[in-house]
Amino acid sequence: MSDKKKFYITTPIYYPSDNFHIGHCYTTIIADAIARYKRLEGYDTFFLTGTDEHGQKIQKKAEDKGISPKEYVDVIVENAKDLWKSLGISYDKFIRTTDNEHVLAVQKIFKKLYDQGDIYKGEYKGLYCTPCESFWTESQLDENGNCPDCHREVHEVSEEAYFFKLSKYQKRLEEFLESNPDFIQPISRKNEMLNNFIKPGLEDLCVSRTSFDWGIPVTFDDKHVVYVWIDALSNYISALGYLSEDESLFKKYWPADLHIVGKEIVRFHTIIWPIMLMALDLPLPKQVFGHGWLIINGGKISKSLGNYKDPREYISLYGVDAVRYFVLREVPFGNDGNFSEEALINRTNADLANVLGNLVNRTIGMINKYFDGIVIDKKINEDIDTELINFVLSLKDKIEDNMNNLEISVALDSIFEVYRRCNKYIDETMPWILAKDESKKDRLATVLYNLIESIRIATVYLQAFLPDTAKKIFTQINTDKIDYDSASTFGLYSGGTKVNTPEVLFKRIEKE
Ligand code: MSP
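Rules used throughout
- Residues numbered from 1 in each chain as written.
- Predicted model: local features only at pLDDT ≥ 70, side-chain atom pairs only at ≥ 80, totals over all residues.
- Heavy atoms only, no water.
- Pairing = 2+ DSSP bridges.
- Helix = DSSP H or I, 4+ residues; strand = E, 2+ residues; numbered from the N terminus.
- Near = heavy atom within 4 Å.
- Polar contact = N/O pair within 3.5 Å; in protein donor to acceptor, adjacent residues only side chain to side chain.
- Areas by Shrake-Rupley, 256 points an atom, 1.4 Å probe, with all protein chains shown as cover.
- Phe/Tyr/Trp six-rings, centres within 6.5 Å; stacked < 30°, edge-to-face > 60°.
- Buried < 20%, exposed > 50% of the residue type's maximum accessible area, 1.4 Å probe, protein only.
- Lys NZ or Arg CZ within 6 Å of the ring centre and 35° of its normal.
- Contact = heavy atoms within 4.5 Å.
- Salt bridge = Lys/Arg side-chain N within 4 Å of Asp/Glu carboxyl O.

A. View of the sheet that holds strand 8 (residues 205–206). Spatially, four strands are ordered 5-4-6-8 in an open sheet, and the strand pairing comes out antiparallel. Among the strands making up the open sheet, the edge pair consists of strand 5 (134–136) and strand 8. Alignment of strand 4 (residues 119–129) against strand 6 (residues 155–164), held across ten bridges, turns out to be antiparallel. Paired with tyrosine 128 across the strands is histidine 155, a residue of strand 6.

B. Seen up close, the sheet that holds strand 3 (residues 93–96). What the six strands build is an open sheet, ordered 3-2-1-11-12-7; its pairing is parallel. A strand with exactly one partner marks an edge of an open sheet, and here the two such strands are strand 3 and strand 7 (184–185). Pairing between strand 11 (residues 258–262) and strand 12 (residues 288–291): four bridges, direction parallel. Of the residues in strand 12, the one forming a bridge with valine 261 is glycine 290.

C. Spotlight on the site of the ligand. The full set close to the ligand counts 25 residues, and Ile13, Asp52, Gly262, Glu264 and Leu294 are the nearest of them. Within the contact set of the ligand, a nitrogen atom lies 3.2 Å away from a backbone nitrogen or oxygen of glycine 23. Across the complex, the protein chains shield 91% of the 660 Å² of accessible surface that the ligand would expose by itself. No other element matches the four residues that helix 1 (residues 22–41) contributes to the shell around the ligand.

D. Quick look at the packing of aromatic side chains. What the rule picks out here adds up to 29 aromatic pairs. For the pair tyrosine 8 and tryptophan 254, a centre-to-centre distance of 6.1 Å together with 70° between the ring planes defines the contact as edge-to-face. With tyrosine 8 in strand 1 (residues 6–14) and tryptophan 254 in the loop between helix 9 (248–253) and strand 11, this pair connects stretches of sequence that are 246 residues apart. Tyrosine 8 gets classed as buried once you look at its relative accessible area, which sits at 0%. Tryptophan 254 sits in the buried class, given a relative accessible area of 7%. Centre to centre, the rings of phenylalanine 110 and phenylalanine 220 are 6.1 Å apart; their planes meet at 35°, and the pair counts as tilted. Here phenylalanine 110, found in helix 4 (residues 100–115), pairs with phenylalanine 220, found in the loop between strand 9 (208–209) and strand 10 (225–226); they are 110 residues apart in sequence, far enough to count as distant. For phenylalanine 110, a relative accessible area of 1% gives the class buried. Linked through ring pairs, Tyr8, Phe46, Tyr236, Tyr242, Phe250, Tyr253, Trp254 and Trp273 together constitute an aromatic cluster. Between lysine 263 and the ring centre of tryptophan 293, over which it is positioned, the NZ or CZ distance is 4.9 Å.

E. Seen up close, the environment of lysine 300. Here lysine 300 lies in the loop between strand 13 (294–295) and helix 11 (311–318). In this structure lysine 300 comes out as exposed when scored by relative accessible area, which is 57%. Distance in space between the C-alpha atoms of lysine 300 and glycine 23 is 9.4 Å, their sequence separation being 277 residues. Residues in contact with lysine 300, not counting those within four places in the same chain, are Leu305 and Asn307.

F. Region of interest: the pattern of salt bridges. Under the criterion given, the structure shown has 40 salt bridges. Between lysine 93 and glutamate 101 there is a salt bridge, with the nearest N and O atoms lying 3.4 Å from each other. You can call lysine 93 partly exposed: its relative accessible area is 22%. Residue classification places glutamate 101 among the partly exposed positions, given a relative accessible area of 35%. Between arginine 421 and glutamate 387 there is a salt bridge, with the nearest N and O atoms lying 3.0 Å from each other. Here arginine 421, found in helix 16 (residues 408–429), pairs with glutamate 387, found in helix 14 (residues 383–393); they are 34 residues apart in sequence, far enough to count as distant. Arginine 421 sits in the buried class, given a relative accessible area of 8%. Judged by its relative accessible area of 45%, glutamate 387 is partly exposed. Linked through salt bridges whose partners overlap, the residues forming this network are Glu53, Lys70, Asp74 and Arg96.

Okay, here's the thing in structure tokens:
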């Protein structure tokens with residue numbers, strides 16, 4: 001058995017009610033960058049994503065198209081997998097809540113909670129729109145108190161339903177959150193949960209429905225299907241084989257180290273989910289990170305407003321790493337960030353083309369021009385080199401700190417600070433002037449070696465964020481010293497190596 005430390009990271013499972021947009025990509029790209037970073041650091045990492053396929057909304061969409069819900073979601077799931085492939089998402093498992101293993105686990109979990117008295121039968125009262133066959137809460141209604149979808153009248157109705165006793169675990173949850181201040185990130189969301197939702201008192205949660213049937217049947221009462229959160233949240237353990245014949249992954253990876261979720265579902269992950277786990281007598285996840293949203297012109301990304309494209313269009317226009325870079329860099333820790341094609345172009349031009357692309361291209365170009373492509377450290381050092389080297393080597397601590405604090409955009413910027421520092425070093429050392437003086441040839445070789453080595457080190461970290469670009473850079477500078485530890489030492493790039501032909505990493509995008 002490996003003695004590597006493990007790291008289990010998850011995204012939410014997405015509703016496949018429509019094809020995914022750049023907002024869904026955002027959550028998944030963050031999780032991917034963290035997973036890649038942890039693998040790079042040497043953790044035995046398991047990265048889970050998937051789809052949350054049941055429910056009335058999907059059932060209705062399928063009916064409208066005259067196909068079964070499963071046929072409906074199958075198409076969207078294939079499309080999602082293709083999208084993740086084009087974004088370079090390195091998940092280890094893609095779970096679907098229609099997977100047999102998941103269905104069986106949810107049924108066992110539901111039954112266990114029922115048998116031990118944590119789930120009981122009661123009556124659900126709600127506001128029902130008959131034409132839409134949907135339940136609404138008071139706060140969801142439109143300004144006239146009508147159905148928010150079709151704007152017709154709603155009626156109070158009640159139906160038999162099962163409830164989960166959240167109230168029983170309220171005290172334990174409060175104590176847990178108070179004594180684990182890092183559990184919810186950013187910390188401001190923890191106060192929101194405690195003060196707005198938990199302390200005022202938890203109501204028991206309705207966990208089954210009889211008004212539609214596209215869901216997991218309750219084994220001991222087949223009028224009912226499991227409703228939303230018990231089905232959805234269980235994915236994090238069913239995906240590891242919890243309660244199946246083979247629990248080896250579960251034993252190895254549970255508890256999760258990090259659940260990445262959007263801010264609007266932090267509530268479910270920090271109230272219902274811990275309580276479910278307490279009731280199942282399982283360890284709780286170590287951390288839940290609630291990220292902000294990508295918004296467009298200050299508002300929601302929305303199909304009905306038609307304010308977005310298929311993310312693959314951006315990928316084919318600007319390249320996968322331009323899209324990854326934008327979402328990872330643009331949104332600060334936990335806040336919302338604005339998405340626009342113009343901002344994406346500006347970022348790509350400013351950072352990827354001007355700073356990084358230019359640096360790599362210029363450096364390799366000079367090595368080719370002055371030394372026929374051969375990099376050799378002649379060790380004619382000046383003070384300015386020491387300053388550069390120290391700056392490059394300080395990157396490790398910065399990245400580790402930033403990543404531990406989930407400040408991904410800051411981590412990425414720290415890498416680009418090194419590239420910027422290298423460009424400044426070129427301006428300071430002026431290789432083209434050194435090249436005019438034969439007696440400065442060895443100094444010139446040292447300068448170019450320092451540049452290549454600085455690029456190598458920063459790019460070791462870049463692999464977690466922009467894997468394609470990092471690979472291209474390693475090929476161009478012709479090195480296999482790309483593991484995490486190799487970035488702690490300056491000077492590992494082998495002298496005498498011949499670099500490859502420079503290729504443009506990012507073309508400047510001209511705005512129409
Ligand atoms: N199925 C539930 C989650 C169950 S997890 C056990 C769900 N699905 S969702 O498809 O509506 O949203 C999934 C994730 O996508 C959420 O974390 C949500 O915040 C994220 N995003 C959806 N639109 C987004 C943006 N515009 N910006 C950033 N993230 C967005 O909720």
